[in-house]
Amino acid sequence: MATYADGVGPWKPYIVPMVGQFDAQGRMLDVNKDGKVNGMDASSGTPTTLIADAHKAGLAIHTWTFRNEARRLAYDYQGNPVNEYLQFYRLGIDGVFSDFPDTAVAARQAYLKELGR
Ligand SMILES: [Ca+2]
């Protein structure tokens, strides 16, 4: 693939799965009992090897789409979108698509500060 492409851009659950609970009919459960079924009813799962696999194949990897709303975040990000970005940056993602680039940049700066850069 690296002979014709510079990178890949998978949907972020292919990198960090969202793990929910489901009823017998396969419907996701309202775990936090707020009357809505959304990201806050799921947790982030064990990261896949997709970032490492892409890098091993000589490909950059970008993922999408990051948003700020708590309902779009797994509950373990504690309603703070920076926590989600930090997980992906720490995993080695090369780029992100975000509807809130100011948050993406602030999280990137926090990550670089962690690295002492
Ligand atoms: Ca809910």
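Bear in mind that the values here come from a model prediction, so they are computed numbers and not experimental data.

A.B. asks: Explain the pattern of salt bridges to me, please; I cannot follow it from the model alone.
C.D. replies: A side chain of one charge can pair with a side chain of the opposite charge if their charged atoms are brought near each other. All chains considered together, the criterion is met by five salt bridges. The shortest N-O distance in the salt bridge between Lys12 and Glu84 comes to 2.8 Å. Taken together, the residues Lys12 in the loop between β1 (7-8) and β2 (18-19) and Glu84 in helix α2 (residues 81-91) connect sequence positions 72 residues apart. Comparing Lys12 with Glu84, the two get one shared label, buried. Here Glu114 makes a salt bridge to Arg90, at a shortest N to O gap of 2.3 Å. With Glu114 in helix α3 (residues 101-114) and Arg90 in helix α2, the pair connects residues that are 24 residues apart, well separated along the chain.

A.B. asks: Is there a simple way to explain the packing of α2 against α3 in this structure?
C.D. replies: Packed helices, taken two at a time, are described by the angle between their axes plus the distance between the axes. At a minimum axis separation of 9 Å, α2 and α3 run at an interaxial angle of 55°. It follows from the interaxial angle that α2 and α3 lie oblique. Classified by chirality, the crossing of α3 by α2 is right-handed. Residue-level contacts link Pro81, Val82, Tyr85, Leu86, Tyr89 and Arg90 of α2 to Thr103, Ala104, Ala107, Arg108, Ala110, Tyr111 and Glu114 of α3. Its residues assigned to classes, the contact of α2 with α3 comprises nine nonpolar, one polar and three charged.

A.B. asks: What is the right way to look at the pairing of strand β4 (residues 60-66) in this model?
C.D. replies: Successive residues of a regular strand alternate their side chains across the two faces of the sheet. Judged from the two bridges that link them, β1 and β4 form a sheet pairing that is parallel. Residue pairing across strands places Val8 opposite Ile61, the latter belonging to β4. A crossover connection joins β4 to the parallel strand β5 (residues 95-98) through α2; in handedness this β-α-β unit is right-handed.

A.B. asks: Explain the coordination of the calcium ion here, please?
C.D. replies: Tetrahedral coordination by four donors places them ideally at 109.5 degrees to one another around the metal; octahedral coordination by six donors ideally gives 90 or 180 degrees. Donor atoms from the polypeptide that coordinate the calcium ion comprise Asp30 (OD), Asn32 (OD1), Asp34 (OD), Lys36 (O), Asp41 (OD) and Asp41 (OD), at 2.2 to 2.5 Å from the metal. Bound by six donor atoms, the calcium ion shows angles of 53 to 160° at the metal and therefore irregular coordination geometry. Going along the chain, you hit the donors of the calcium ion in the pattern D-x1-N-x1-D-x1-K-x4-D. Under the relative-accessibility criterion, Asp34 is labelled partly exposed at 33%.

Calculation notes
- Residues numbered from 1 in each chain as written.
- Predicted model: local features only at pLDDT ≥ 70, side-chain atom pairs only at ≥ 80, totals over all residues.
- Heavy atoms only, no water.
- Salt bridge = Lys/Arg side-chain N within 4 Å of Asp/Glu carboxyl O.
- Helix = DSSP H or I, 4+ residues; strand = E, 2+ residues; numbered from the N terminus.
- Buried < 20%, exposed > 50% of the residue type's maximum accessible area, 1.4 Å probe, protein only.
- Axes fitted to C-alpha atoms, helices over the stretch in contact; angles between N-to-C directions.
- Parallel < 35°, antiparallel > 145°, perpendicular 65-115°, else oblique.
- Left-handed = near helix turned anticlockwise from the far one by under 90°.
- Contact = heavy atoms within 4.5 Å.
- Nonpolar A, V, L, I, M, F, W, Y, C, P; charged D, E, K, R; others polar.
- Pairing = 2+ DSSP bridges.
- Right-handed = clockwise from strand over helix to strand, strands pointing away.
- Donors = N, O, S within 2.8 Å, 3.2 Å for Na, K, Ca; no water.
- Tetrahedral: all angles 85-135°; square planar, octahedral: opposite > 155°, others 65-115°.

Nothing here speaks to function; it is geometry throughout.
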